[in-house]
Each structure stands twice: as structure tokens, then as C-alpha cells.
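# Observations on the model geometry
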Amino acid sequence: MVRWVDSYGRPKTEEEKAKWAETVKTNSYYNDPAKRENFIAETQKLGLDPATATLFNWLEADDKASFARPPKSWGDFSLLVSL
């Protein structure tokens, strides 16, 4: 993906790339008034502290919780196998 962006996107300096990476790593919906209430509810379900959890902390914890559960039925499992 990085190669595609570098090839087709607007060229970025290393400083711009570093600033974007830092912003993404520290981004949190806790600071977005439109998303805050849902973020708090969802992060608390996963045992995270909404005030300190980043978007990536939440997504990673949600993936671990979601994929740790077995399929609801064999029908759901067969869909996974067919992929």
C-alpha cells in the first residue's frame, strides 16, 4: 500500500510522513464529540480506558475479542472456510 501511495499520491516529505504516522498512532475517537459516546461504550466493553485508548488500541482489542469467539453456527463457519 505504501508503494502505491508513493507511486500515485502527492509526494510527501519524510517530515510529513512522520507527522501523519504520529497523528494516526495517537488518534482517539474520545476527542471527537460526534463519536465519543459510542467510543466510550465500546472501549469499556473491552476493558479499555476510553480516556487513554487510541483508535488502534480499540480496533486491536475488538479484533481479538471478535475472532476469539467461535462461529455462531456451522453456517457461519462454512462461510469462513469458503473464503
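No experiment lies behind these values; they were computed from the predicted model shown.

### Focus: the overall build of the protein chain
- Secondary structure assignment for the protein chain yields five helices and zero strands.
- Scanning the protein chain from its N terminus toward the C terminus, one meets helices and strands in the order α-α-α-α-α.
- For the protein chain, the share of sequence-separated contacts (at least 6 apart) that also reach a separation of at least 24 residues comes to 26%.

### What about the packing of aromatic side chains?
- Within this structure, the stated rule accounts for four aromatic pairs.
- Ring centres 5.2 Å apart and planes at 35° place the aromatic pair W4 and Y8 in the tilted group. Placement of both W4 and Y8 in helix α1 (residues 2-8) is noted, with a separation of four residues, approximately one turn of the helix.
- Its relative accessible area of 55% is what places W4 among the exposed residues.

### Some details on the nonpolar core
- Core analysis: the biggest nonpolar cluster contains five residues, these being Y30, F39, A53, L55 and W58.
- In contact with Y30, other than residues within four places in its own chain, are R36, F39, I40, P50 and A51.

### Some details on the side chain of T54
- Note on placement: T54 falls in the loop between α3 (36-45) and α4 (55-68).
- Exposure remark for T54: the relative accessible area of 15% places this residue in the buried category.
- Not counting chain neighbours up to four residues away, the residues in contact with T54 comprise K25, T26, N27, S28 and F39.

### Focus: the confidence of the model for the protein chain
- Taken as a whole, the protein chain shows an average pLDDT of 86; of its residues, 83% reach a score of 70 or greater.
- Of all the helices and strands in the protein chain, helix α5 (residues 74-82) carries the lowest mean pLDDT, 55, while α3 carries the highest, 96.

Cut-offs used in this document
Residues numbered from 1 in each chain as written. Predicted model: local features only at pLDDT ≥ 70, side-chain atom pairs only at ≥ 80, totals over all residues. Heavy atoms only, no water. Helix = DSSP H or I, 4+ residues; strand = E, 2+ residues; numbered from the N terminus. Contact = heavy atoms within 4.5 Å. Phe/Tyr/Trp six-rings, centres within 6.5 Å; stacked < 30°, edge-to-face > 60°. Buried < 20%, exposed > 50% of the residue type's maximum accessible area, 1.4 Å probe, protein only. Core = buried A, V, L, I, M, F, W, Y, C linked by side-chain atoms within 4.5 Å. pLDDT = per-residue confidence, 0-100.

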